[in-house]
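Residue-level listing of the chains:
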Amino acid sequence: MRMTNTKIILKTEQDIDELINTIRKRKRFAQSFVFENKDLRKKFLSSMGIVSEEFEAKGFYVDETKNIHIAESENGYFWISTIGVVTSRIQDSDNFVYAFQSQYMVMKLLTDYAIKISEDESIWNIDSWSNEEMGFLTHAIFNNLILFLELFGKTYLSLVGYKVKHTHRISKIICDVKKAMNENGHNDTLFHECIIKEFEKIGNYIQTIPGSFVEEYVKYNDNKYDDTVIRFDKDSLKSALDFVNTCMDFIDSFSNNGNYLLRKI
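One structure accompanies this document, and this report is about it. (Residues numbered from 1 in each chain as written. Predicted model: local features only at pLDDT ≥ 70, side-chain atom pairs only at ≥ 80, totals over all residues. Heavy atoms only, no water.)

### Points about the overall build of the protein
Now for step 1: Counting its regular elements, the protein contains 8 helices and 5 strands.
Now for step 2: For the protein, the sequential pattern of α-helices and β-strands runs β-α-β-α-α-β-β-β-α-α-α-α-α.
Now for step 3: Here the protein has a C-alpha radius of gyration of 24 Å; the compact-globule value for 265 residues is 18 Å, and the former is much larger.
Now for step 4: Taking the principal axes of its C-alpha atoms as reference, the protein extends roughly 70 × 55 × 35 Å.
Now for step 5: Expressed as a percentage of its 265 residues, the buried residues of the protein come to 40%. (Helix = DSSP H or I, 4+ residues; strand = E, 2+ residues; numbered from the N terminus. Rg over C-alpha atoms; globule rule 2.2 N^0.38 Å. Buried < 20%, exposed > 50% of the residue type's maximum accessible area, 1.4 Å probe, protein only.)

Pasting the structure below:
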């Protein structure tokens, strides 16, 4: 099932009848719609048998037996799906932004699960499954953090119109990010203080790993001298998650033409 960012404007009662007929025939689609006036909106809800009071209270209607999902956005449009609950958010036009958003979700899910594991006292038992999971998560979090930082740096460079070099080296990416940051007057800001300095700390740590650590090898776990471990302390993990969330908030806001993190301090 393919979707587009286009919002279909419903202008006449015939448009409403055609939409309802399409839904009742169980044709598969997921699309945004805008009603030109309140009467058309009311006709649609009534014709679909949706109780107005319940819909106004919840903001959505679901019929799981028919895979129908109808929801109203506070931004003034309806999302209608006949294939069940699927995302209404389409891929960002900037490939780096889209890749970064995907990697953010990987990091968030991994860190959320690590926090959950850290609260299980069985991790202290070295023969427990939780303790073994801690080993898997250590590699998964560190390896994916490297990719997360790479994509964050490249996304920032892309958004400020800077040439993105074909490299996986965090140290090189940091250099380019700092150069672009200074050229765009983004130094001495919360972005600089809260994100870039942490970015540098991790980059500096990577350079201390023996055996000529190669970033692109992490996907194969092929840096044999890397003995990195992660302390499974809930507060430390929550701080790491805060950093990941801050990076995401910055890119999400900056890609939409604004960011409080760029205020001078």
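### Remarks on the pairing of strand E1 (residues 7-10)
Now for step 1: Taken together, the 4 bridges between E1 and strand E2 (residues 30-35) define a ladder with parallel strand orientation. Following the sheet pairing, Ile 8 is matched in E2 by Phe 33.
Now for step 2: Following the backbone out of E1, through helix H1 (residues 13-24) and into the adjacent parallel E2, one traces a crossover that is right-handed. (Pairing = 2+ DSSP bridges. Right-handed = clockwise from strand over helix to strand, strands pointing away.)

### With respect to the packing of helix H4 (residues 95-118) against helix H8 (residues 234-254)
Now for step 1: Relative to each other, H4 and H8 sit at 165°, their axes nearing to 10 Å. Put simply, H4 runs roughly antiparallel to H8. Read as a crossing pair, H4 and H8 show a hand that is left-handed. Contacts between H4 and H8 pair Val 97, Phe 100, Gln 101, Tyr 104, Met 107, Lys 108, Thr 111, Asp 112, Ala 114, Ile 115 and Ser 118 from the former with Lys 234, Leu 237, Lys 238, Leu 241, Val 244, Asn 245, Cys 247, Met 248, Ile 251 and Asp 252 from the latter.
Now for step 2: For the contact of H4 with H8, the class distribution of residues is 12 nonpolar, 4 polar and 5 charged. (Axes fitted to C-alpha atoms, helices over the stretch in contact; angles between N-to-C directions. Parallel < 35°, antiparallel > 145°, perpendicular 65-115°, else oblique. Left-handed = near helix turned anticlockwise from the far one by under 90°. Contact = heavy atoms within 4.5 Å. Nonpolar A, V, L, I, M, F, W, Y, C, P; charged D, E, K, R; others polar.)

### Brief notes about the pairing of E2
Now for step 1: Among the 6 residues in E2, 5 count as buried, and that is most of the element.
Now for step 2: As defined by bridge partners, E2 adjoins strand E5 (residues 78-81) across 4 bridges and the pair is classed as antiparallel. Looking at the pairing, Gln 31 lines up with Ile 80 of E5.

### Description of the layout of surface pockets
Now for step 1: Taken as a whole, the largest pocket spans an internal volume of roughly 500 Å³.
Now for step 2: Lining the largest pocket are 19 residues, and of these Ile 141, Leu 145, Ile 202, Ile 230 and Ala 240 sit closest to its centre.
Now for step 3: Going through the elements one at a time, H4, helix H5 (129-159), helix H7 (190-208) and H8 are the ones with two or more residues in the lining of the largest pocket.
Now for step 4: In terms of residue count, the dominant contributor to the lining of the largest pocket is H8 (6 residues).
Now for step 5: Looking at the lining of the largest pocket, its residues break down into 12 nonpolar, 4 polar and 3 charged. (1 Å grid on protein atoms, 1.4 Å probe; cavity = no way out; pocket = protein on both sides within 12 Å on 5 of 7 lines; lining within 4 Å. Points joined across faces, edges and corners; volume = space filled by probe spheres on them.)

### Description of unusual backbone geometry
Now for step 1: Backbone geometry places Asn 67, a non-glycine residue, at a positive phi of 60°.
Now for step 2: Residue classification places Asn 67 among the partly exposed positions, given a relative accessible area of 41%.

### With respect to the sheet that holds E2
Now for step 1: Taken in spatial order, the 5 strands of this open sheet run E1-E2-E5-E4-E3, and their pairing is mixed. Either end of the sheet is taken by a strand with one partner, and the two such strands are E1 and strand E3 (60-63). Between one strand axis and the next, the sheet turns through 20° on average, direction left out of account.
Now for step 2: The pairing of strand E4 (residues 68-72) with E5 spans 4 bridges and is antiparallel. Pairing of Glu 72 across the sheet is with Phe 78, part of E5.
Now for step 3: In the packing of H1 onto the sheet, contacts are made with E1, E2, E4 and E5, and the angle to E1 comes to roughly 125°.
Now for step 4: Strands in contact with helix H2 (residues 38-47) are E1, E2, E4 and E5; relative to E5, the strand with the most contacts, it is inclined by about 30°.

### Digging into the nonpolar core
Now for step 1: Of all hydrophobic cores here, the largest spans 48 residues; its most connected members are Phe 148, Phe 152, Tyr 156, Phe 191, Ile 195 and Phe 250.
Now for step 2: The set of elements that each furnish at least two residues to this core consists of H4, H5, helix H6 (170-183), H7 and H8.
Now for step 3: A per-element tally of this core places H5 first, with 12 residues.
Now for step 4: With near-sequence residues (within four places) excluded, Phe 148 lies in contact with Phe 100, Gln 103, Tyr 104, Met 107, Val 244 and Cys 247.
Now for step 5: Ile 23, Leu 40, Phe 44 and Ile 68 belong to the second-largest nonpolar core, a separate cluster that totals 18 residues. (Core = buried A, V, L, I, M, F, W, Y, C linked by side-chain atoms within 4.5 Å.)

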